[in-house]
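Each chain is listed here by its residues.
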Amino acid sequence: MTVQPGTGGSPGGEADGTDEVTDLFRALGRQIRVARERAGLSQRELGDRVGYGEETISSVERARRTPQPELLVAVDRLLDCGGLLASAAEDVERAKSRRRVRHPEWFRDYARLEAEAVELRYFANQAVPGLFQTQEYARAVFTSRQPLFDEETVEERVAARMARQELMSRWPPPTVSAVVQESVLRQPFGGPAVQRGQLEQLLRVGRLRHVEIQVMPTASEDHAGMGGPFTLLTPKGRPQVAYLEVQHVSRLVSDPEEVRVLAAKHGSIRGQALTPRESLRLLEKMLGDS
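Presented here is an overview of the structure given in this document. Here the structure is a predicted model, which means the values were calculated and not measured.

**Comments concerning the overall build of the protein chain**
Across its full length, the protein chain holds twelve helices and seven strands. By residue count, 48% of the 290 residues in the protein chain fall in the buried class. Split by element, the accessible area of the protein chain, about 14500 Å² in all, is 51% carbon and sulfur.

Now the structure itself:
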């Protein structure tokens, strides 16, 4: 059993902690600070001369913000760095691309297993499972997160979530079954347009041959999933594991007995939910009513 604190939040950069991207940005920040101090300029004075705010210069020097290529070129020219900073512009663009599809450190073990999964089973009672989310719904999820993410981090997380969905279109695809609480579908999360787009997405995904989506009706008198959401994942050629996440704390469960209990619970939840056919009809009705 592995327990990992989700210090990065659920779904900051997408690559939390120290990695090669963070190291690059930290090194460039130090170089900018050294060149600025050598020129006898304050952060405000440098920002004024290159068209950026003092806070931006401060954040870049401390590696809290991505050093945009345009800033690197402008500082290089102003402070006569001999191309040292300007030449790193392409490296920064490549690093930004890598970071957009990277996952927080606390999520990476799960993401690696997910990428090779042959079977995925979900119970979701807080939000639509990430593999089914539209871009707009995912953006609403990350925008509403507390403490707040900055805009760059939101877009990084959205891009990473969309990249994960590629496994749904590979061949052979994983077998996927999901039970989603009805209240999750009825909540206009992100606004009515986002909600409608998400319902349409679920309807499309639910019609795929390798996917079964079931709705746990609000009116159900029996509910084995009151303990919260979870995922069961079976990597190719390896034992099934479970994944739990709540309040930015994640837990990857490999203990066979714990996994067995969750698998049995998922079976009970599926038996209490609407059938896949009934669930698709409910989604169609909800779209007709919206």
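Let us keep going from here.
**Topic: empty space enclosed by the protein**
Considered as a void within the structure, the largest cavity measures approximately 60 Å³ in volume. V128, Y137, V184, L185, Q187, Q195, Q198 and L199 are the residues that line the largest cavity. Among the elements of the structure, α9 (182–186) and α10 (192–206) are those that each provide at least two residues to the lining of the largest cavity. Here the lining of the largest cavity gets three residues from one element, more than from any other, and that element is α10.

**As for unusual backbone geometry**
Residue P147 is bonded to the preceding Q146 through a cis peptide linkage, with omega at -5°. Tracing the chain through its elements places P147 in the loop between α7 (135–143) and α8 (151–164). Following W171, the chain continues into P172 via a peptide bond in cis, with omega recorded as -5°. Phi angles above zero are rare outside glycine, and D80 is one such case at about 55°. Considering the arrangement of structural elements, one finds D80 in the loop between α4 (69–78) and α5 (89–100). Assessed through its relative accessible area of 63%, D80 is described here as exposed.

**A look at the packing of aromatic side chains**
To describe a pair of aromatic rings, one takes the distance between the centres and the angle between the planes. According to the stated counting rule, one finds four aromatic pairs in the structure shown. Their ring planes at 65° and their centres at 6.1 Å tell us that Y122 and F132 sit as a pair that is edge-to-face. Note that Y122 is positioned in strand β2 (residues 117–124) and F132 in the loop between β2 and α7, a separation of ten residues in sequence. Seen from their ring centres, F123 and F230 are 6.2 Å apart, and the 50° between their planes marks the pair as tilted. Here F123 is found in strand β2, whereas its partner F230 is found in strand β5 (residues 230–235), with 107 residues between them in sequence. Given a relative accessible area of 2%, F123 falls into the buried group. The buried category is assigned to F230, whose relative accessible area is 4%.

Scoring rules and cut-offs
- Counting restarts for each chain: residues are numbered from 1 in the order of the written sequence.
- Given that this is a predicted model, residues contribute local features only at a pLDDT of at least 70 and side-chain atom pairs are listed and counted only at 80 or more, while totals for whole chains, interfaces and linings are drawn from all residues.
- Just so you know, side-chain values use all the structure's heavy atoms and leave hydrogens and water out.
- The numbering of helices and of strands both runs from the N terminus, where a helix is a DSSP run of H or I of at least 4 residues and a strand a run of E of at least 2.
- Any residue under 20% of the maximum accessible area for its type is buried, any over 50% is exposed, and the rest in between are partly exposed; the area is computed with a 1.4 Å probe on protein chains only.
- Only the protein chains shown count as cover for residues, and the accessible areas themselves come from Shrake-Rupley with a 1.4 Å probe.
- Here a cavity denotes a set of grid points, spaced 1 Å apart and computed over the protein atoms alone, in which a 1.4 Å probe fits but from which it cannot get out, and a pocket denotes an open set meeting protein on both sides within 12 Å along at least five of seven lines; residues with an atom within 4 Å of a point are reported as lining.
- Grid points are joined across faces, edges and corners, and a volume is the space filled by probe spheres set on the points.
- Centre distance within 6.5 Å is the pairing criterion for rings of Phe, Tyr and Trp, where only the six-membered ring of Trp is used; planes under 30 degrees apart are then read as stacked, over 60 as edge-to-face, and the remainder as tilted.

Just distances and angles here, no functional claims.
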